[in-house]
Amino acid sequence: MMLEGTLAQLVLQNFHLHKTSQALFNCETCKKNDQSLLFNSKAQVLPSDEFQQKIQEQAEQKEAEVAQKVKNAELRGIRKDVLAAVEQEWLKIKQDYDMNVKA
């Protein structure tokens, strides 16, 4: 009797775990569509001018995000080049040291 109760509790916990995992996965992978971003997921009545302004702001925000991604990619490339140069310098120092120790 006690074993059946424990098993039932484990089954319910497993269902809850799967439901929570699925909800978390959907939150992490789901992209918000333009309408939900434009209206903050709320019903709104906007005059034409405000609507155009919201669309323009959204476009500018997307452009800024793309520009930031490009800038970050350039910085990663620069950092990679600097680290490669430091590694080359380290290898040279290490070789010089090994030659001095052997001599």
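Bear in mind that the values here come from a model prediction, so they are computed numbers and not experimental data.

Student: So what's going on with the overall build of the protein chain? Residues and values would help.
Tutor: Helix and strand counts for the protein chain stand at three helices and zero strands. Secondary structure elements in the protein chain, listed N-terminal to C-terminal, are α-α-α. With an accessible surface of roughly 10000 Å², the protein chain has 60% of that area assigned to carbon and sulfur atoms.

Student: Go over helix H1 (residues 2-29) with me, naming the residues and quoting the values.
Tutor: Relative to the 40 Å expected for 28 residues at 1.5 Å per residue, H1 spans 41 Å between its end C-alpha atoms, a close match to the ideal helical length. Of all 28 residues making up H1, only zero are buried, and the element is barely covered by its neighbours.

Student: Please give an account of a nonpolar patch on the surface that cites residues and values.
Tutor: A cluster of nonpolar side chains, contributed by Leu-7, Val-11, Leu-12 and Phe-15, occupies part of the molecular surface with about 430 Å² of accessible area. Along the chain, the position of Phe-15 falls in helix H1.

Student: Outline the confidence of the model for the protein chain, supporting the account with residue identities and numerical values.
Tutor: Per-chain confidence: the protein chain averages 86 in pLDDT, with 84% of residues scoring 70 or above. Looking over the protein chain, one finds the lowest element-wise mean pLDDT in helix H2 (residues 34-39), namely 60, and the highest in helix H3 (residues 48-102), namely 93.

Basis of the calculations
Residues numbered from 1 in each chain as written. Predicted model: local features only at pLDDT ≥ 70, side-chain atom pairs only at ≥ 80, totals over all residues. Heavy atoms only, no water. Helix = DSSP H or I, 4+ residues; strand = E, 2+ residues; numbered from the N terminus. Areas by Shrake-Rupley, 256 points an atom, 1.4 Å probe, with all protein chains shown as cover. Expected span 1.5 Å × (residues − 1). Buried < 20%, exposed > 50% of the residue type's maximum accessible area, 1.4 Å probe, protein only. Patch = residues over 30% accessible without salt bridge, like charges linked within 9 Å, V, L, I, M, F, W, Y side chains within 5 Å. Salt bridge = Lys/Arg side-chain N within 4 Å of Asp/Glu carboxyl O. pLDDT = per-residue confidence, 0-100.

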